[in-house]
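# Chains, contacts and geometry: an overview
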Amino acid sequence: MAKKSMIAREVKRRRLNEQHHVARESLRQRVVDESLSYDERWQAMLDLQKLPRDSARTRQRNRCALTGRPRGYFRRFGLARNAVREVVMRGEAPGVVKASW
């Protein structure tokens, strides 16, 4: 089980990303827009830097929904490898069967 503070930090990052997503995307578009003047692009870059650092999508980390484990994460299930194994062995993951050959 991951530390509660780490899980809370990820929740905060997701919330901040949802709040600032539209503003961040519009500023990023202005920064790369060649038709704008240099000063307008520079100001857009400065405004982008003023947004909270944790509002960036790249700061988020995928975590297991059950344990909060950050490593060994399976996107298909939203769980870490340990939790996936337990869920599959209990038969709670539809369409997944134990391999045998």
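Summarised in this report is the structure supplied together with it.

Rules used in this analysis
- Residues numbered from 1 in each chain as written.
- Predicted model: local features only at pLDDT ≥ 70, side-chain atom pairs only at ≥ 80, totals over all residues.
- Heavy atoms only, no water.
- Phe/Tyr/Trp six-rings, centres within 6.5 Å; stacked < 30°, edge-to-face > 60°.
- Helix = DSSP H or I, 4+ residues; strand = E, 2+ residues; numbered from the N terminus.
- Salt bridge = Lys/Arg side-chain N within 4 Å of Asp/Glu carboxyl O.
- Buried < 20%, exposed > 50% of the residue type's maximum accessible area, 1.4 Å probe, protein only.

### So, the packing of aromatic side chains
Each aromatic ring pair is characterised by the separation of its centres together with the angle its planes make. Tallying each qualifying case throughout the model produces 2 aromatic pairs. Considering the side-chain rings of Tyr38 and Trp42, the 6.2 Å spacing of their centres and the 20° angle between planes classify their relative orientation as stacked. Of the two residues, Tyr38 and Trp42 both sit in helix α2 (residues 38-50), 4 residues apart, roughly one turn of that helix.

### As for the pattern of salt bridges
Under the definition given, this model contains 6 salt bridges. Here Asp54 makes a salt bridge to Arg59, at a shortest N to O gap of 3.0 Å. Residue Asp54 is classed as buried on the basis of its relative accessible area of 15%. When the shortest N-O distance is used, the salt bridge between Arg90 and Glu92 registers 3.1 Å. Taken together, the salt bridges that share partners define one network made up of Glu10, Arg13, Asp54 and Arg59.

That is the geometry; function is a separate question.
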